[in-house]
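Chain by chain, the residues:
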Amino acid sequence: MEEQKSPKREPDPARIQFLKSLPSKIIQSLTKEDINAILYEDVWPDSLKEKLEDYIVEE
């Protein structure tokens, strides 16, 4: 299965700041897919939400 690559896009600066603000213990637990979801996706997988449950607020 090929991964579709979209044209280069810049992540939201607020998302970058959120990622940088996480404790290193949490960052180390994130996969490449988790980080891409944080930076680019509007809907995050449940597994990522569980990892970040103490750091995100559901609207």
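Residues numbered from 1 in each chain as written. Predicted model: local features only at pLDDT ≥ 70, side-chain atom pairs only at ≥ 80, totals over all residues. Heavy atoms only, no water.

*Asks:* Got a minute to help me understand the nonpolar core in this structure?
*Replies:* Here is a general trend for soluble globular proteins: nonpolar side chains tend to be buried in one another's company. Phe18, Leu19, Leu22, Ile26, Leu30, Ala37, Ile38, Leu39, Trp44, Leu48 and Leu52 together form the largest nonpolar core, which totals 11 residues. Elements with a contribution of two residues or more to this core: helix 1 (13-21) and helix 3 (32-40). Ranked by residues supplied to this core, first place goes to helix 3 with 3 residues. Non-local contacts of Leu39, meaning those with residues more than four positions away in its chain, are made with Pro11, Asp12, Arg15, Ile16 and Leu19. (Core = buried A, V, L, I, M, F, W, Y, C linked by side-chain atoms within 4.5 Å. Buried < 20%, exposed > 50% of the residue type's maximum accessible area, 1.4 Å probe, protein only. Helix = DSSP H or I, 4+ residues; strand = E, 2+ residues; numbered from the N terminus. Contact = heavy atoms within 4.5 Å.)

*Asks:* What's the story with the environment of Asp12 in this structure? I'm lost.
*Replies:* In this structure, Asp12 sits in the segment before helix 1. On the basis of relative accessible area, Asp12 is assigned to the partly exposed category, the value being 39%. For Asp12 and Ile38, which are 26 residues apart along the polypeptide, the C-alpha to C-alpha distance reads 9.7 Å. Polar side-chain contacts of Asp12 include one of 2.8 Å to the backbone nitrogen of Ala14. (Polar contact = N/O pair within 3.5 Å; in protein donor to acceptor, adjacent residues only side chain to side chain.)

*Asks:* Is there a simple way to explain the pattern of salt bridges in this structure?
*Replies:* Tallying each qualifying case throughout the model produces 3 salt bridges. Among the ionic pairs, Arg15 bridges to Asp42, the shortest N-O distance being 3.6 Å. Linking Arg15 in helix 1 with Asp42 in the loop between helix 3 and helix 4 (46-51), this pair joins segments that are 27 residues apart in sequence. Given a relative accessible area of 21%, Arg15 falls into the partly exposed group. The shortest N-O distance in the salt bridge between Asp34 and Lys51 comes to 2.6 Å. Within this pair, whereas Asp34 is found in helix 3, its partner Lys51 is found in helix 4, the two being separated by 17 residues in sequence. Assessed through its relative accessible area of 6%, Asp34 is described here as buried. You can call Lys51 partly exposed: its relative accessible area is 29%. (Salt bridge = Lys/Arg side-chain N within 4 Å of Asp/Glu carboxyl O.)

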